[in-house]
Amino acid sequence: MSDIFISYASEDIDYARRLAKALKKLKWKIWWDRTIPAGMSFSEVIDKELADTRCVVVMWSKASVNKNWVLEEAEDALQKGILVPVFIDKVPPPRGFRRIHAASLINWDGKPTASTFQKLVLDLKRILGDPPTSIQISRTSPDTKTTKKKGAETRQSATYKPGTVFRDTMQDGSKGPEMIVIQSGIFRMGDIWGDGEKNEKPVQTVRIAKNFAIGKYPVTFEEYDKFATTISRTPPDDAGWGRRRRPVIYVNSYEAKNYADWLSQETGKHYRLPTEAEWEYASRSGGKDEKWAGTSNVACLGDYAWYNKNSGSHTHPVGNKKTNGYGLYDM
């Protein structure tokens with residue numbers, strides 16, 4: 001199942017290729033007809049993908065507005081409420097689609113820009129939520145326990161010391177996710193290596209004011225499936241790669257927040273999603289000048305992470321690689 005199905009005229013293949021590449025970089029799963037394997041029935045594959053996709057991006061151009069198959073794919077998506085049209089030419093949309101507001105990629109050179117590509121991304125988020133990433137759970141970690149004795153406050157030893165691994169108890173007596181306490185501190189956040197994206201600049205000095213706890217592993221299917229079953233929600237698809245100890249996928253930011261809120265209700269503790277700064281600080285082992293979580297040596301990257309060169313383009317069970325400096329896996 002794809003996140004985004006790209007519908008286009010063959011004359012516009014260069015635009016479709018650029019769009020597919022740019023959206024794929026944002027971690028959405030993209031389908032377009034260049035991915036059909038040799039020997040497969042063209043119409044059967046398209047019908048199946050169109051039925052299963054979460055969103056259809058139709059590219060309106062001088063050519064596509066006159067193509068029956070593009071109009072049919074767009075009509076199918078319109079009926080399902082999953083259509084996101086974009087202009088790549090200055091043409092009026094076909095009859096029947098003029099009430100649907102479209103993003104514009106006119107004069108787009110294939111690079112994400114605030115005026116064109118970002119508008120499309122925002123439209124896609126309306127249907128899909130944020131691009132999929134591994135969910136990491138955080139929770140507030142009190143530094144000390146305070147008691148009152150004979151009118152005076154007494155500060156006792158730290159309840160959760162940095163580096164402590166713990167699991168809170170759920171209402172049914174089972175244990176919640178494994179959490180690790182992270183020490184507060186100051187770090188340089190952003191593109192400290194000088195080769196990152198625009199949204200990682202400028203580098204900023206950020207202070208993590210309080211200790212907090214973060215998941216030792218990304219949230220797994222077995223953890224999220226328990227939540228989904230408890231609240232009678234349909235479990236997310238696993239793309240045929242397996243469930244249990246694999247990281248959960250196809251969960252948007254709204255659903256991830258629901259999961260954190262559910263953990264709070266189940267344990268009586270404050271669970272939430274980590275802030276962007278907390279996640280970067282924790283993944284870089286306390287804000288060290290690491291390019292990746294655990295290492296700066298590309299030759300060692302495969303020891304710490306599943307990525308495009310060793311993953312086979314699918315998920316793997318969590319916890320099988322080396323940890324970063326904080327004992328966190330798969331960051």
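What comes next is a walk through the structure.

The rules we used
- Residues numbered from 1 in each chain as written.
- Predicted model: local features only at pLDDT ≥ 70, side-chain atom pairs only at ≥ 80, totals over all residues.
- Heavy atoms only, no water.
- Pairing = 2+ DSSP bridges.
- Helix = DSSP H or I, 4+ residues; strand = E, 2+ residues; numbered from the N terminus.
- Salt bridge = Lys/Arg side-chain N within 4 Å of Asp/Glu carboxyl O.
- Core = buried A, V, L, I, M, F, W, Y, C linked by side-chain atoms within 4.5 Å.
- Buried < 20%, exposed > 50% of the residue type's maximum accessible area, 1.4 Å probe, protein only.
- Contact = heavy atoms within 4.5 Å.
- 1 Å grid on protein atoms, 1.4 Å probe; cavity = no way out; pocket = protein on both sides within 12 Å on 5 of 7 lines; lining within 4 Å.
- Points joined across faces, edges and corners; volume = space filled by probe spheres on them.
- Nonpolar A, V, L, I, M, F, W, Y, C, P; charged D, E, K, R; others polar.
- Axes fitted to C-alpha atoms, helices over the stretch in contact; angles between N-to-C directions.
- Parallel < 35°, antiparallel > 145°, perpendicular 65-115°, else oblique.
- Left-handed = near helix turned anticlockwise from the far one by under 90°.

## Comments concerning the sheet that holds strand β2 (residues 30-31)
So, step 1. Reading across from one edge, β2-β1-β3-β4-β5 is the order of the 5 strands in this open sheet, with parallel pairing throughout. Each edge of the open sheet is held by one strand with a lone partner, namely β2 and β5 (103-104).
So, step 2. Across 5 bridges, strand β3 (residues 56-60) lies against strand β4 (residues 83-87) in parallel orientation. Counted as the bridge partner of Val56 is Leu83 from β4.

## A closer look at the environment of Ala213
So, step 1. Position of Ala213 among the secondary structure elements: in strand β13 (residues 212-215).
So, step 2. Note: C-alpha distance between Ala213 and Val165 (48 residues apart in sequence) is 8.8 Å.

## What to know about the pattern of salt bridges
So, step 1. Counting across every chain of the model gives 17 salt bridges.
So, step 2. Each of Arg188, Glu280, Arg284 and Asp289 takes part in salt bridges that share partners, so that together they form one network.

## Overview of the nonpolar core
So, step 1. Formed by 24 residues in total, the largest nonpolar core has its most connected members in Ile4, Ile6, Leu19 and Leu124.
So, step 2. Not counting residues up to four positions away in its chain, the partners in contact with Leu124 are Ile4, Leu23, Trp28, Cys55, Val57, Val84 and Gly129.
So, step 3. Among the nonpolar cores identified, the runner-up in size contains 21 residues, and Ile137, Tyr160, Tyr224 and Trp262 belong to it.

## Concerning the pairing of strand β10 (residues 179-182)
So, step 1. By the alternation rule, side chains of β10 split into Met179 and Val181 and Ile180 and Ile182, which are all buried.
So, step 2. Across 2 bridges, strand β9 (residues 165-166) lies against β10 in antiparallel orientation. In the sheet register, Val165 faces β10, and the bridge partner there is Ile180.
So, step 3. Judged from the 4 bridges that link them, β10 and β13 form a sheet pairing that is antiparallel. Bridge pairing links Ile180 to Ile214 in β13.

## Details of the layout of surface pockets
So, step 1. The volume enclosed by the second largest pocket comes to roughly 230 Å³.
So, step 2. Surrounding the second largest pocket, 17 residues form its lining, Asp33, Phe42, Ile46, Trp69 and Glu73 being those nearest its centre.
So, step 3. Put simply, the parts of the chain that give the lining of the second largest pocket at least two residues each are β1 (4-7), α2 (42-52) and α3 (68-80).
So, step 4. Here the lining of the second largest pocket gets 4 residues from one element, more than from any other, and that element is α2.
So, step 5. Class assignment for the residues of the lining of the second largest pocket results in 10 nonpolar, 2 polar and 5 charged.

## Topic: empty space enclosed by the protein
So, step 1. The final tally for this structure, using the stated rule, is 1 cavity of 30 Å³ or more.
So, step 2. Every residue lining the largest cavity is listed: Ile137, Pro177, Glu178, Gly215, Lys216, Tyr217, Pro218, Val219 and Glu223.
So, step 3. Partitioning the lining of the largest cavity into residue classes produces 5 nonpolar, 1 polar and 3 charged.

## Considering the packing of helix α1 (residues 13-25) against helix α4 (residues 117-128)
So, step 1. It is at 12 Å that the axes of α1 and α4 come closest, and there the two elements cross at 60 degrees. The angle between α1 and α4 places the two elements in the oblique class. When you trace α1 past α4, the crossing you get is right-handed. Facing α1, whose interface residues are Leu19, Ala22 and Leu23, α4 presents Phe117, Leu120 and Leu124.
So, step 2. Of the residues in the contact of α1 with α4, the class split is 6 nonpolar, no polar and no charged.

## Considerations on the sheet that holds strand β14 (residues 271-272)
So, step 1. The strand order across the open sheet built from 5 strands is β9-β10-β13-β6-β14, with neighbouring strands paired in antiparallel fashion. Two strands bound the open sheet, and with one partner strand each, they are β9 and β14.
So, step 2. This element, helix α7 (residues 276-283), spans β6 (138-140), β10, β13 and β14 of the sheet and lies at about 75 degrees to β13.

## Considerations on the packing of α2 against α3
So, step 1. Axis separation between α2 and α3 bottoms out at 10 Å; the angle between their running directions is 25 degrees. Taken together, the axis directions place α2 and α3 in an arrangement best described as roughly parallel. Classified by chirality, the crossing of α3 by α2 is right-handed. Note on element contacts: α3 touches α2 through Glu73, Asp76 and Lys80, opposite Ile46, Leu50 and Ala51.
So, step 2. When the residues that make up the contact of α2 with α3 are grouped by side-chain class, the tally is 3 nonpolar, no polar and 3 charged.

## Focus on unusual backbone geometry
So, step 1. In this chain, Lys201 is followed by Pro202 through a cis amide linkage whose omega measures -5 degrees.
So, step 2. Within the secondary structure, Pro202 sits in the loop between β11 (185-189) and β12 (204-208).
So, step 3. Phi is positive for Tyr250, close to 55 degrees, though the residue is something other than glycine.
So, step 4. Here Tyr250 shows up in the loop between α5 (221-230) and α6 (253-267).
So, step 5. One non-glycine residue, Ser285, adopts positive backbone phi at about 55 degrees.
So, step 6. Position of Ser285 relative to the elements: it lies in the loop between α7 and α8 (301-304).

Coordinates in, geometry out; function isn't part of it.
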